[in-house]
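Single-letter residue listing:
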Amino acid sequence: MEKDIFCRIIDGEIPCHKVYEDDDVLAFLDISQVTKGHTLVVPKKHYDNFLATPKSVMHKVMDVAQTIGQIEIKMLGAVGVNILTNCYEAAGQTVKHFHVHVIPRYDVGDGFILEMKNNAEGLNLPAIAEMVKNELK
Ligand code: 5GP
């Protein structure tokens with residue numbers, strides 16, 4: 001199977017602006033810089049997305065993402081941070097290798113748009129909550 005772009009970055013075949021590395025995790029600046037300092041945090045071992053990643057590895061990635069978010073507030077002058085991960089094409093995932101976006105926020109016109117509309121009308125919320133709760137047991 002052909003290597004995805006992040007496996008190639010991890011293997012040093014493609015350059016990146018690295019901000020952190022340990023045995024399991026690599027963090028580097030996103031090439032698109034949706035906002036200044038936009039960073040990607042990835043596991044070095046390949047997993048297709050967040051949902052397909054073992055919890056122990058996911059925890060390590062999220063740990064680094066949290067620290068980078070804190071640093072962006074402290075050092076880049078960000079006044080907020082969006083931490084997000086897209087799973088599957090339908091959710092906007094374009095690179096099939098688990099990655100967490102850490103996107104510093106500066107003001108409303110800073111380049112990042114996330115629209116979360118209220119579509120609750122007509123939904124049976126107790127039934128949905130019950131279904132998920134039962135599966136979690
Ligand atoms: P997704 O849409 O899968 O959640 O995000 C993939 C991200 O990877 C995009 O924000 C895109 O800009 C970034 N990206 C794609 N190719 C490269 C690359 O070669 N280098 C870096 N640093 N980022 C990349």
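Because the structure is a prediction, the values reported are computed rather than measured.

Rules used in this analysis
Residues numbered from 1 in each chain as written. Predicted model: local features only at pLDDT ≥ 70, side-chain atom pairs only at ≥ 80, totals over all residues. Heavy atoms only, no water. Phe/Tyr/Trp six-rings, centres within 6.5 Å; stacked < 30°, edge-to-face > 60°. Helix = DSSP H or I, 4+ residues; strand = E, 2+ residues; numbered from the N terminus. Buried < 20%, exposed > 50% of the residue type's maximum accessible area, 1.4 Å probe, protein only. Pairing = 2+ DSSP bridges. Axes fitted to C-alpha atoms, helices over the stretch in contact; angles between N-to-C directions. Expected span 1.5 Å × (residues − 1). Polar contact = N/O pair within 3.5 Å; in protein donor to acceptor, adjacent residues only side chain to side chain.

Q: Could you give me a rundown of the packing of aromatic side chains, with the residues and numbers involved?
A: Within the structure shown, the criterion is met by two aromatic pairs. With 5.5 Å between their ring centres and 70 degrees between their planes, Phe6 and Phe28 make a pair best called edge-to-face. Linking Phe6 in helix H1 (residues 5–10) with Phe28 in strand S2 (residues 25–29), this pair joins segments that are 22 residues apart in sequence. Accessibility assignment for this pair places Phe6 and Phe28 in one class, buried.

Q: An account of the sheet that holds S2 is needed here, citing residue identities and associated values.
A: Taken in spatial order, the five strands line up as S1-S2-S3-S5-S4 in an open sheet, and their pairing is antiparallel. Edge positions in the sheet fall to strand S1 (18–21) and strand S4 (80–84), since each of these pairs with one other strand and no more. Sheet twist, expressed as the average angle between the axes of neighbouring strands with direction ignored, equals 15 degrees. Pairing of S2 with strand S3 (residues 39–43) involves five bridges; the strand directions are antiparallel. Across the sheet, the residue bridging to Leu26 is Val42, located in S3.

Q: Could you give an account of helix H3 (residues 125–136), naming the residues involved and the relevant values?
A: The end-to-end C-alpha distance of H3, which contains 12 residues, comes to 17 Å, matching closely the 16 Å that a straight helix rising 1.5 Å per residue would cover. Looking at where H3 begins, the residue whose side-chain oxygen comes 3.2 Å from the main-chain nitrogen of Ala127 is Asn124.

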